[in-house]
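Report on the structure
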Amino acid sequence: MRPGHLRVVFDVNVYLDAIAGPNSTYPYLSAVPPRSSNDAADCLSLALDGEDFELYVSPHILSNTSRVLQHEMKVKSKTVGAILTGITEIVHLTGGSIVDPERINHDQKDFEDNLILDLVRRTEALILVTSDAELLSQNPWNGRLILSPRKFVQQVISSRGQRL
């Protein structure tokens, strides 16, 4: 981990909301601040500048993002491939990486949530950013914060203001 950088995981829903959610301008991401009307896109924009945190993703997150985009949102496979390439480039730009964690967590009702928490644990991420109500209700989880995209963006902007 780079000094002064937190390890962060974005849930699948953050990527989907940034790409295809309300008021999405993807692949264009506005610089933050000022904030846009799409908090998930603002999360990606903050990651893109590589300033505050290392972003981690798993093959599970990438494959679920791909599955939803192709099969539920009917995005063309070529476009989905470009989106996944963009996500992995952002991850690497932050100093983070793609990690395939061991299956350890089994206490969530939603199987998918267990996979996300496995990644959080394996990468020693201090923050999980998600729109999932069940995960948000568990904040904090094992000493880690679980924040909505809106709260995460607020925290990052606030911490930047304190450093100035």
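Just so we're clear, the structure is a prediction, and the values are computed from it rather than from any experiment. (Residues numbered from 1 in each chain as written. Predicted model: local features only at pLDDT ≥ 70, side-chain atom pairs only at ≥ 80, totals over all residues. Heavy atoms only, no water.)

Focus: the side chain of Asp113
Within the secondary structure, Asp113 is located in helix 5 (residues 111-123). Assessed through its relative accessible area of 3%, Asp113 is described here as buried. In this view, Asp113 contacts Gln108, Asp132, Glu134 and Leu135; residues no more than four positions away in its chain are not counted. (Helix = DSSP H or I, 4+ residues; strand = E, 2+ residues; numbered from the N terminus. Buried < 20%, exposed > 50% of the residue type's maximum accessible area, 1.4 Å probe, protein only. Contact = heavy atoms within 4.5 Å.)

Some words on the nonpolar core
Counting residues in hydrophobic clusters, the biggest one holds 46 residues, and the most contacted among them are Phe10, Tyr15, Phe53, Leu55 and Phe152. Leaving out residues up to four positions away in the same chain, Tyr15 has contacts with Phe10, Leu44, Leu55, Val57, Ile61, Thr65, Ile87 and Val91. (Core = buried A, V, L, I, M, F, W, Y, C linked by side-chain atoms within 4.5 Å.)

Thoughts on the packing of aromatic side chains
Any aromatic ring pair is given by two values, namely how distant the centres are and how the planes are angled relative to each other. Scanning the model with the defined rule gives four aromatic pairs in all. Ring geometry for Phe53 versus Phe152: centroids 5.2 Å apart, planes at 75°, classification edge-to-face. With Phe53 in strand 2 (residues 53-56) and Phe152 in helix 7 (residues 149-163), this residue pair connects regions lying 99 residues apart in the sequence. For Phe53, a relative accessible area of 2% puts it in the buried group. Pairwise contacts between aromatic rings join Phe10, Tyr15, Phe53 and Phe152 into one cluster. (Phe/Tyr/Trp six-rings, centres within 6.5 Å; stacked < 30°, edge-to-face > 60°.)

Quick word on the environment of Ile157
As for its position among the elements, Ile157 is in helix 7. In this structure, the C-alpha to C-alpha distance between Ile157 and Asn23, residues 134 residues apart in sequence, is 21 Å. When residues no more than four places from it in sequence are discounted, the contact partners of Ile157 are Val32, Pro33 and Arg35.

Considerations on unusual backbone geometry
With omega at -10°, the peptide bond leading from Val32 into Pro33 counts as cis. Position of Pro33 among the secondary structure elements: in the loop between helix 1 (12-20) and helix 2 (39-48). Note that the residue after Pro33, namely Pro34, is joined by a cis bond; omega there is 0°. Its identity as a non-glycine residue notwithstanding, Asn142 has a phi of 50°, on the positive side.

Some details on the packing of helix 1 against helix 2
Taken N-terminus to C-terminus, the directions of helix 1 and helix 2 make an angle of 100°; their axes are 7 Å apart at the nearest point. Relative to helix 2, the element helix 1 lies roughly perpendicular. Contact residues: Val14, Tyr15, Asp17 and Ala18 in helix 1; Ala40, Ala41, Cys43 and Leu44 in helix 2. (Axes fitted to C-alpha atoms, helices over the stretch in contact; angles between N-to-C directions. Parallel < 35°, antiparallel > 145°, perpendicular 65-115°, else oblique.)

Notes on the confidence of the model for the protein chain
Chain-level pLDDT for the protein chain is 91 on average; 96% of the residues reach the 70-or-more range. Strand 3 (residues 127-129) holds the highest mean pLDDT among the elements of the protein chain, 98, whereas helix 7 holds the lowest, 88. (pLDDT = per-residue confidence, 0-100.)

Topic: helix 3 (residues 59-72)
Look at helix 3: 19 Å from first C-alpha to last across 14 residues, which is about the 20 Å you get at 1.5 Å a residue. All buried positions along helix 3 are accounted for by His60, Ile61, Leu62, Asn64, Thr65, Ser66, Val68 and Leu69. Contacts from the buried residues of helix 3 go to strand 1 (6-10), helix 1, helix 4 (77-93) and helix 5. (Expected span 1.5 Å × (residues − 1).)

Notes on the packing of helix 1 against helix 3
Orientation of helix 1 relative to helix 3, taken along the N-to-C sense of each, is 40°, at an axis distance of 9 Å. Considered as vectors, helix 1 and helix 3 are oriented oblique to each other. Every pair of crossing elements has a handedness; the one defined by helix 1 and helix 3 is right-handed. Taken together, the residues of helix 3 that come into contact with helix 1 (itself represented by Val12, Tyr15, Leu16 and Ile19) are Ile61, Asn64, Thr65, Val68 and Leu69. Within the contact of helix 1 with helix 3, the residues separate by chemical class into seven nonpolar, two polar and no charged. (Left-handed = near helix turned anticlockwise from the far one by under 90°. Nonpolar A, V, L, I, M, F, W, Y, C, P; charged D, E, K, R; others polar.)

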